[in-house]
Amino acid sequence: MNFEFSDDQLVMKEEVRKLFEKEDSVKRNRNILEGDENFDKDLWNKVVEMGLTAITIPEEHGGIGLGFLELCVVAEEMGRSGIASEVFNCSAPDTGNMEVIERYGNDEHKKLWLEPLLNGEIRSAFAMTEPNVASSDATNISSSIVDAGDHYVINGEKWWTSGAGDPRCKILVFMGVTNPDNPKHQRQSQILVPMDTPGIEILRMMNVFGSDDAPHGHGHLRFTDVKIFGNTPRTIRRHGQKI
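Residues numbered from 1 in each chain as written. Predicted model: local features only at pLDDT ≥ 70, side-chain atom pairs only at ≥ 80, totals over all residues. Heavy atoms only, no water.

Asks: How should I be thinking about the packing of aromatic side chains in this particular structure?
Replies: Centre distance and the angle of the planes are the two values used to describe a pair of aromatic rings. Under the defined criterion, the tally for this structure stands at one aromatic pair. Here the guanidinium or amino end of Lys-158 rests over the ring plane of Phe-174, the centre of that ring lying 4.8 Å away. (Phe/Tyr/Trp six-rings, centres within 6.5 Å; stacked < 30°, edge-to-face > 60°. Lys NZ or Arg CZ within 6 Å of the ring centre and 35° of its normal.)

Asks: Got a minute to help me understand the pairing of strand E7 (residues 218–229) in this structure?
Replies: Bridge count for strand E3 (residues 151–162) against E7 is nine bridges, and the pairing is antiparallel. Along E7, the bridge assignment pairs Ile-154 with Val-226. As judged from the five bridges shared by strand E6 (residues 200–205) and E7, these two strands associate in the antiparallel manner. Among the inter-strand pairings, Met-205 is bridged to a residue of E7, identified as Gly-219. (Pairing = 2+ DSSP bridges. Helix = DSSP H or I, 4+ residues; strand = E, 2+ residues; numbered from the N terminus.)

Asks: Is there a simple way to explain helix H3 (residues 41–50) in this structure?
Replies: Within H3, the full set of buried residues consists of Leu-43, Trp-44 and Val-47. Projected down its long axis, H3 shows its buried positions confined to an angular sector of 105°, all on one face. (Buried < 20%, exposed > 50% of the residue type's maximum accessible area, 1.4 Å probe, protein only. Arc of directions from axis to C-beta.)

Asks: Where do I start with the pairing of strand E2 (residues 144–147) in this structure?
Replies: Strand residues, when the strand is regular, have side chains that alternate between the two faces of the sheet. Of the pairings in the sheet, the one linking E2 to E3 comprises four bridges and is antiparallel in character. Directly across from Asp-147, in E3, lies its bridge partner Tyr-152. Hairpin connection, E2 to E3: the antiparallel pair is bridged by three residues, and Gly-149 has positive phi, about 95°.

And the structure:
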């Protein structure tokens, strides 16, 4: 098996390294890490010009349609800067959420949420882990998503909800139980929940090695009778584990 990088991969790797070796990126890096939420789009625009934004998203949806291997090639270089993954639009949880919406969402999902995520206009969060169960095994997830006819009702608590603390966060992907009597890998669904939906409460931001990553961070959220009506985009049911 050949483990050598291809010529194209080496060129891409070197372009990323050079971009973040420039002196002007150091100041921007420091400003973002110190909590400046007014993200400077200059580096973002340079990455777009380089053709390296949203690496794993297909071209027809605004990415460049490369594979996970190519993402790994540049991830080593992106790891040298605290803002590189966001500048390349490959930061968690946005990159995973964009892939979910691209692969499983309908046209309305993509218009409302995927396009602004790809354009860097908003950010997203992923709500799976819960405080009362061993969430490393996602079959233990117990928050409920109840079908109430013309809407769904969500109840539960989530923590380590990556992205929830960012003031630009507008949408979250929520994982909960819709079919409790099904086999355990077919009980959960994922649903798109706008962050301004009534009933969502941010209890606190979680600390990692003493830092809460403000203003970004990982939130402890409570969902109390959160209603997602039929005209609000949502993903398919009973495939939460697959997604």
